[in-house]
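# Residue-level structure breakdown
Chain by chain, the residues run as shown.
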Amino acid sequence: MIGDIRIWPPLVLAPMAGATNHAFRLLARECGDVGLVVCEMISSYGLYYNNERTLDMFDWTDAERPVSVQIFGAVPEIVAEAARKAEDAGVDMIDINMGCWVPKVVRTGACAALLKDLKQARAVIEACVNATSLPVTVKTRKGWDLREACAVDVARIAEDAGVKAITIHGRAASQGFNGQSDSSVIAEVKQAVSIPVIGNGDIRTVDDVERMFRETGCDGVMLGRSALGNPFIFREVWAWLDRGERTGPPTAQERARAALRHTVLQVEALGEERGIREMRGLLPHYIKGLENAARIRHALTQVRTVADVQKLLSQVAELDCEHNLAERAAVNSGERAA
Ligand SMILES: Cc1cc2nc3c(=O)[nH]c(=O)nc-3n(C[C@H](O)[C@H](O)[C@H](O)COP(=O)(O)O)c2cc1C
């Protein structure tokens, strides 16, 4: 439960700038078994000043619910106003970003910069909680750097301020995406607070999810990069956790179909020109790891129209058939030899 909202399965799609917009969140829901989806980070200043580009991101439908909007900012009154706008716009909960380490953002005092000033962090969190009746959550990292892990302090401050759940990515901000995510800090946070704790960082497989739950005692798990190009991962994870079923990863044909659906949703939301431009960075994820796909992968970064995407993806499906035929041939020849 996050506030009075039941999150089930306890699996969360991570906020990812440039990726978890309306189209991808809906796709993750359609592909099944995700308990909560979080939109990409949104600037509290952008909301405060009704910036058109920011308001564009304020775009969800009932089919995505429960859906959380992640906001970032360093000024308590501005964050509070952004939270009020999010509530008026009908979102289910609000997440405060305290993990982004990108210099352009950190320079403003927002996101992971708040880990260097816990007094300011408290002021931002309190202002947000007091501005809305929706559940507020916080997403943060192990600490600013590896010398001083402050995730436990942040979690205590958040709980004290009325935050309803906290997500911990087990890397320090100074690590960016380098090194490994440390799940022991997630276990420490779980011991320190009684609000739900969501574990995050480096979860790529069903076994990683199981390990995260077992080693940290966390209440939920958040997946980011492993869902890019594979929104089916939640279904695969849940089949294992819920029913002990190993469904295995999707076939290339399923991936190609999901990629096309993603493209269509994106174009519906943003128009063909912008929608396809944004898909160029996302489509190659769908054929990651597929043999003989290098040419198609490159071509997907150059597409201009839905028809271009469709043509290339039909070749992915053919690759899958070739792969299946090769596998079947190998099995058959094995059978004949036997
Ligand atoms: C492309 C990309 C964009 C991201 N954008 C955000 C963001 O907007 N807000 C946020 O809190 N974290 C963001 N993250 C971090 C993820 O939410 C997550 O914490 C991180 O990727 C670790 O989880 P993973 O190993 O499952 O990917 C982003 C990560 C990636 C790869």
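A brief look at the structure comes next.

Parameters at a glance
Residues numbered from 1 in each chain as written. Predicted model: local features only at pLDDT ≥ 70, side-chain atom pairs only at ≥ 80, totals over all residues. Heavy atoms only, no water. Helix = DSSP H or I, 4+ residues; strand = E, 2+ residues; numbered from the N terminus. Buried < 20%, exposed > 50% of the residue type's maximum accessible area, 1.4 Å probe, protein only. Near = heavy atom within 4 Å. Polar contact = N/O pair within 3.5 Å; in protein donor to acceptor, adjacent residues only side chain to side chain. Areas by Shrake-Rupley, 256 points an atom, 1.4 Å probe, with all protein chains shown as cover. 1 Å grid on protein atoms, 1.4 Å probe; cavity = no way out; pocket = protein on both sides within 12 Å on 5 of 7 lines; lining within 4 Å. Sits in = over half its atoms within 2 Å of the grid points. Axes fitted to C-alpha atoms, helices over the stretch in contact; angles between N-to-C directions. Parallel < 35°, antiparallel > 145°, perpendicular 65-115°, else oblique. Left-handed = near helix turned anticlockwise from the far one by under 90°. Contact = heavy atoms within 4.5 Å. Patch = residues over 30% accessible without salt bridge, like charges linked within 9 Å, V, L, I, M, F, W, Y side chains within 5 Å. Salt bridge = Lys/Arg side-chain N within 4 Å of Asp/Glu carboxyl O. Points joined across faces, edges and corners; volume = space filled by probe spheres on them. Nonpolar A, V, L, I, M, F, W, Y, C, P; charged D, E, K, R; others polar.

## Concerning unusual backbone geometry
In this structure, Pro9 follows Trp8 across a cis peptide bond, with omega equal to -5 degrees. If you trace the backbone, Pro9 turns up in the segment before β1 (11-13). Each neighbour pair has its own omega, and for Arg65 with Pro66 the value is -5 degrees, a cis peptide bond. Among the secondary structure elements, Pro66 is positioned in the loop between α3 (52-56) and β4 (67-72). A positive phi is found at Asp202, a non-glycine position, where the angle reads about 65 degrees. Residue placement: Asp202 occurs in the loop between β10 (197-200) and α9 (206-216). A relative accessible area of 16% means that Asp202 is categorised as buried.

## Side note on the site of the ligand
Close to the ligand lie 16 residues, the nearest being Ala17, Gln70, Asn200, Asp202 and Arg225. Contact between the ligand and Asp202: an oxygen atom at 2.7 Å from a main-chain N or O atom of the residue. Taken by itself the ligand offers 610 Å² of open surface, and the protein chains cover 85% of this. Cavity membership is defined here by more than half of the atoms lying within 2 Å of grid points; on that basis the ligand lies in the largest pocket.

## Concerning the packing of α9 against helix α10 (residues 233-243)
To characterise two packed helices, one gives the angle between the axes of the helices and the distance between these axes. Contact geometry of α9 with α10 gives a least axis separation of 9 Å together with a crossing angle of 55 degrees. Taken together, the axes of α9 and α10 lie oblique to each other. The chirality of how α9 crosses α10 is right-handed. Counting all contacts with α9, which are made through Val206, Val209, Glu210 and Phe213, the residues of α10 involved are Glu236, Val237, Trp240 and Leu241.

## Some details on a nonpolar patch on the surface
Residues Tyr45, Tyr48 and Tyr49 make up a contiguous nonpolar surface patch of about 350 Å² in total accessible area. Residue placement: Tyr49 occurs in the loop between α2 (44-48) and α3. Accessibility expressed as a relative area gives 58% for Tyr49, which makes it exposed.

## Observations regarding the layout of surface pockets
A volume near 650 Å³ is recorded for the largest pocket. Broken down by secondary-structure element, the contributors of at least two residues to the lining of the largest pocket are β6 (136-141) and β11 (220-223). Ranked by residue count, the leading element in the lining of the largest pocket is β6, at three residues. Each residue belonging to the lining of the largest pocket can be placed in one class, and the counts come to 15 nonpolar, eleven polar and six charged.

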